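One letter stands for each residue in the lines below.
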Amino acid sequence: MISREQILEVLEKYDKEKITIGVIGSHSALDITDGAKEEGFPTLVVAQRGRHKTYEKYFKLRKTRDGLVKGFIDEVIVLEKFSQIIDIQEELRKRNVIFIPNRSFVVYTGIDRVENEFLVPMFGTRSLLRTEERSEEKSYYWLLEKAKLPYPEEVKPEEIDEVGLVIVKLPHAKKRLERGFFTAASYKEFKEKSEKLIRLGVITREDLEKARIERYIIGPVFNFDFFYSPIDEEIELLGIDWRFETSLDGHVRLPAAQQLTLPEWQFEPEYTVCGHASSTLRESLLEKVFDMAEKYVEATKKYYPPGIIGPFTLQTAVDKDLNFYIYDVAPRTGGGTNIHMAMGHPYGNSLWRKPMSTGRRIALEIKRAIELDELEKVVT
Ligand SMILES: Nc1ncnc2c1ncn2[C@@H]1O[C@H](COP(=O)(O)OP(=O)(O)O)[C@@H](O)[C@H]1O
Ligand SMILES: [Mg+2]
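Undergrad: Where do I start with the overall build of the protein in this structure?
TA: Scanning the protein from terminus to terminus reveals 15 helices and 14 strands. Computed over its C-alpha atoms, the radius of gyration of the protein comes to 21 Å, within 12% of the 21 Å expected for a compact globule of 380 residues. Along the three orthogonal principal directions, the C-alpha set of the protein runs to about 65 × 45 × 40 Å. The 380 residues of the protein split such that 52% are buried.

Undergrad: Help me understand a positive patch on the surface in this model?
TA: Among the surface-exposed residues, Lys138, Lys146, Lys148, Lys295 and Lys302 lie close enough to one another that they form a single positively charged patch. As for its position among the elements, Lys302 is in helix H13 (residues 286–303). Note on Lys302: relative accessible area 62%, which makes it exposed.

Undergrad: Quick question: what am I supposed to make of the UniProt feature "domain: IMP biosynthesis enzyme PurP N-terminal" (unreviewed entry) in the protein here?
TA: Per the UniProt annotation, the sites labelled "domain: IMP biosynthesis enzyme PurP N-terminal" (unreviewed entry) are residues 21–154. The distance from the first to the last C-alpha atom of residues 21–154 is 39 Å, and the span holds 31% helix and 16% strand.

Undergrad: I would appreciate a short explanation of a negative patch on the surface in the present structure.
TA: On the surface, Glu287, Asp291, Glu294 and Glu298 cluster together to form a negatively charged patch. Position of Glu294 relative to the elements: it lies in helix H13. Among the residues examined, Glu294 registers a relative accessible area of 43% and is labelled partly exposed.

Undergrad: Looking at this structure, I do not really get the domain arrangement of the protein. What am I missing?
TA: Where interface size is quoted, it is often the accessible area lost as the parts come together. By domain assignment, the protein separates into domain 1 (4–124 + 357–362) and domain 2 (157–215). Distance between the C-alpha centres of domain 1 and domain 2: 37 Å.

Undergrad: Sorry if this is basic, but what is going on with the site of ligand 1 here?
TA: Surveying the vicinity of ligand 1 reveals 15 residues, the closest of which are Arg134, Lys169, Arg179, Glu214 and Ile217. In the environment of ligand 1, a nitrogen atom lies 2.9 Å from a nitrogen or oxygen atom belonging to the backbone of Arg215. For ligand 1, whose unbound accessible area comes to 550 Å², protein coverage reaches 88%. Elements that contribute at least two residues to the shell around ligand 1 include exactly strand E7 (166–169), strand E9 (212–215) and strand E14 (324–330). Among the residues forming the shell around ligand 1, the class breakdown is seven nonpolar, one polar and seven charged.

Undergrad: Is there a simple way to think about the coordination of the magnesium ion (ligand 2) in this case?
TA: Working reference: metal with six octahedral donors, ideal angles 90 or 180 degrees; metal with four tetrahedral donors, ideal angle 109.5 degrees. Distances from the magnesium ion (ligand 2) to its protein donors, Gln315 (OE1) and Asp328 (OD), fall within 2.1 to 2.4 Å. Highlighted residues: Gln315 in strand E13 (residues 310–318) and Asp328 in strand E14, separated in sequence by 13 residues. In this structure Gln315 comes out as buried when scored by relative accessible area, which is 6%.

Undergrad: Help me understand the UniProt feature "domain: IMP biosynthesis enzyme PurP C-terminal" (unreviewed entry) in the protein, please; the structure alone is not making it clear to me.
TA: Taken from the UniProt record, the annotation "domain: IMP biosynthesis enzyme PurP C-terminal" (unreviewed entry) applies to residues 189–380. Helix makes up 34% of residues 189–380 and strand 27%, whereas the separation of the span's terminal C-alpha atoms amounts to 46 Å.

Undergrad: What am I meant to see in the packing of aromatic side chains here?
TA: This structure, assessed with the given rule, holds 18 aromatic pairs. Taken together, the ring pairs in this structure connect Phe222, Phe224, Phe226, Phe290, Tyr296, Phe312 and Phe324 into an aromatic cluster. When the ring centre of Tyr141 is taken as origin, the NZ or CZ atom of Arg212, which lies over that ring, is 3.6 Å away.

Undergrad: Is there a simple way to explain the sheet that holds strand E10 (residues 221–229) in this structure?
TA: Across the sheet, which stays open at both edges, the five strands sit in the order E12-E11-E10-E13-E14 with antiparallel pairing between neighbours. Across the chains shown, the open sheet's two edge strands, defined by having one partner strand only, are strand E12 (271–278) and E14. Ignoring strand direction, the axes of neighbouring strands in this sheet form an average angle of 35°. Relative to E13, E10 runs antiparallel, the two sharing eight bridges. Within E13, the position partnered with Val221 by the bridge is Ala317. Together, E10, strand E11 (234–247), E13 and E14 form the strand contacts of H13, whose direction differs from that of E13 by roughly 130°.

Undergrad: Is there a simple way to explain the nonpolar core in this structure?
TA: Soluble globular proteins: nonpolar side chains tend toward being buried together. If you look at the biggest cluster of nonpolar residues, it comprises 55 residues, and the most contacted ones within it are Ile85, Leu92, Phe99, Phe105, Phe118, Phe123 and Ile366. Among the elements that line this core, the one with the most residues is helix H15 (residues 358–371), at five residues. Beyond its immediate chain neighbours, meaning those up to four positions away, Leu92 contacts Tyr14, Leu44, Val46, Ile85, Val97, Phe118 and Val120. Ranked by size, the runner-up nonpolar core spans 32 residues in total, among them Ile240, Leu285, Tyr304 and Phe312.

Undergrad: Hey, could you run me through the side chain of Asn96 in this one?
TA: In this fold, Asn96 is placed in the loop between helix H4 (89–94) and strand E6 (97–99). Residue Asn96 is classed as buried on the basis of its relative accessible area, which comes to 10%. Beyond its immediate sequence surroundings of up to four residues, Asn96 is in contact with Tyr14, Asp15, Lys18, Ile19 and Thr20.

Undergrad: Explain the sheet that holds strand E5 (residues 75–79) to me, please; I cannot follow it from the model alone.
TA: Whether parallel or antiparallel, the strands of a sheet pair through hydrogen bonds between backbone atoms. Reading across from one edge, E5-E2-E1-E6 is the order of the four strands in this open sheet, with parallel pairing throughout. The outermost strands of the open sheet, each flanked by one partner alone, are E5 and E6. Sheet twist, expressed as the mean angle between neighbouring strand axes with direction ignored, is 25°. Relative to strand E2 (residues 43–48), strand E1 (residues 20–24) runs parallel, the two being bridged by four bridges. If you follow Ile24 over to E2, its bridge partner there is Val46. This element, helix H2 (residues 29–38), spans E1 and E2 of the sheet and lies at about 175° to E1.

What counts as what
For every chain, the first residue of the written sequence is number 1, and numbering continues from 1 onward in sequence order. Throughout, the order in which chains and ligands are written sets their labels, letters from A for the former and numbers from 1 for the latter. Whole-chain, interface and lining totals are the exception, using all residues; otherwise, since this is a predicted model, local features are given only for residues with pLDDT of at least 70 and side-chain atom pairs are given and counted only at 80 or more. In computing side-chain properties, one takes all heavy atoms of the structure into account and sets aside hydrogens as well as water. Numbering goes from the N terminus for both helices and strands, where a helix is a DSSP run of H or I of at least four residues and a strand is a run of E of at least two. Each radius of gyration reported is based on C-alpha atoms, and the globular scaling rule is 2.2 Å times the count of residues to the power 0.38. Buried residues are those whose accessible area, probed at 1.4 Å on protein chains only, stays under 20% of the maximum for their type, while exposed residues exceed 50% and partly exposed ones sit between those limits. In this scheme, patches are assembled from residues that exceed 30% relative accessible area and form no salt bridge. Like charges are connected within 9 Å, while nonpolar side chains (Val, Leu, Ile, Met, Phe, Trp, Tyr) are connected within 5 Å. The Shrake-Rupley method, run with a 1.4 Å probe sphere, supplies the accessible areas, and residue values consider only the shown protein chains as cover. A pair is scored as a salt bridge if a Lys or Arg side-chain nitrogen falls within 4 Å of a carboxyl oxygen belonging to Asp or Glu. Positive charge is attributed to Lys and Arg, negative charge to Asp and Glu, and no charge count is given to His or to the chain ends. The atoms used to mark charge sites are NZ of Lys, CZ of Arg, CG of Asp and CD of Glu. UniProt positions are given in the numbering used here, feature names are shortened, and annotations may be inferred rather than shown by experiment. Domain delimitation in this document rests on an assignment produced automatically or drawn from a domain database. Near residues are defined by distance, with any heavy atom within 4 Å of the molecule or strand qualifying the residue. In the analysis that follows, any N or O atom pair within 3.5 Å is treated as a polar contact, provided that within protein one partner can donate a hydrogen and the other can accept it, and provided that, for residues neighboring in sequence, both atoms belong to side chains. Classification convention: Asp, Glu, Lys, Arg as charged; Ala, Val, Leu, Ile, Met, Phe, Trp, Tyr, Cys, Pro as nonpolar; all other residues, Gly among them, as polar. Each metal site is built from N, O and S donor atoms within 2.8 Å (3.2 Å for Na, K and Ca), and since water is not included, such sites may look incomplete. Only rings of Phe, Tyr and Trp enter the pairing, Trp through its six-membered ring, and a pair is recorded when the two centres are within 6.5 Å. The plane angle decides the type: under 30 degrees is stacked, over 60 is edge-to-face, the rest tilted. In this analysis the charged atom, NZ for Lys or CZ for Arg, is taken to sit over a ring once it is within 6 Å of the ring centre and within 35 degrees of the ring normal. Pairing between two strands is assigned when DSSP locates at least 2 bridges connecting them. Where helices are involved, their axes are fitted lines through C-alpha atoms of the stretch in contact, as for all axes, and angles between N-to-C directions lie from 0 to 180°. Note on definitions: a residue-residue contact is assigned when non-hydrogen atoms from the two residues lie within 4.5 Å. What we call a nonpolar core is a set of buried Ala, Val, Leu, Ile, Met, Phe, Trp, Tyr and Cys residues that are connected through their side-chain atoms within 4.5 Å.

If you want it as structure tokens, here you go:
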């Protein structure tokens, strides 16, 4: 793991008047750069050829003929592969980049290299990023257990009949970065469905053996986009989102009769995220959610010092008795925060009395840290 001293050494050489906010061109890069620009920072996106135009063309900062300003991304570095970001670190350091990690960055670069080779100050907690790898022994489930937070219990296949509906979490056989999740309400269904999905090439037997099987929480899904400020030592709720998933969302919009006549190869929905929506939460439930966030932050301070820095998302489902279960934790900016882009979100805006997206909140914390000369508190 890149040490604190190494990062502070890099930071030491930075020109604090010329900090640039950098991010990989994927995930929530638009929210991050929009927010950074709003707070007056230069912005840099490291993109991959083939999906670079969003940043290099459509949202790039430029002047119109009549002198208007359009766009908010100052500079784009286009790589053949995202993973080559490791080779351009010097370029990033030269530009005094504070890098905002997201899930795409970790997945494309590889967690080992993020931990050991990416010598650029990151806003967030480097050591926590690994907790997202579900196959790790010390995954987020481990941390939730330590924090005494509720999560859907793990279930063995033979126990499904007792527990009821479960979700089986494993990667897609062909689309390796996507999900090959499926649900089953009995051991028999689990056996039949998994055989069928293997036959159809959706999942593999190897992945199935390592799959996480857990209780399916029947209820709505809320992703709570929180922010922990090391400067104020406070938790803020910035927004709440939920996701559009294909083909699941298409399936639930079909009448039941039509669902039942689908051919075998269209029978099982997939869970590929392809969009996000905004939501609010019944007010009487908010405090429960703040309590969960407090416990999570406490646990990260204890087990991953200095603890979580900045944005994190608790992904939850709520059952019929209004109990929350955390089924996933993003210890970095959440995948759904583009819903905040430029407009903020009711919770963040009301708190700060102005539009406050996750991207803007990150930039604001960096700006305050620079002014207070406490930058070392917010990077790892
Ligand atoms: N235990 C669960 N009960 C109900 N739905 C779940 C559960 N776990 C996951 N889901 C659903 O599956 C989706 C993806 O799950 P998640 O654990 O976040 O996977 P990933 O790590 O790929 O993001 C969620 O958006 C949610 O709708
Ligand atoms: Mg998730």
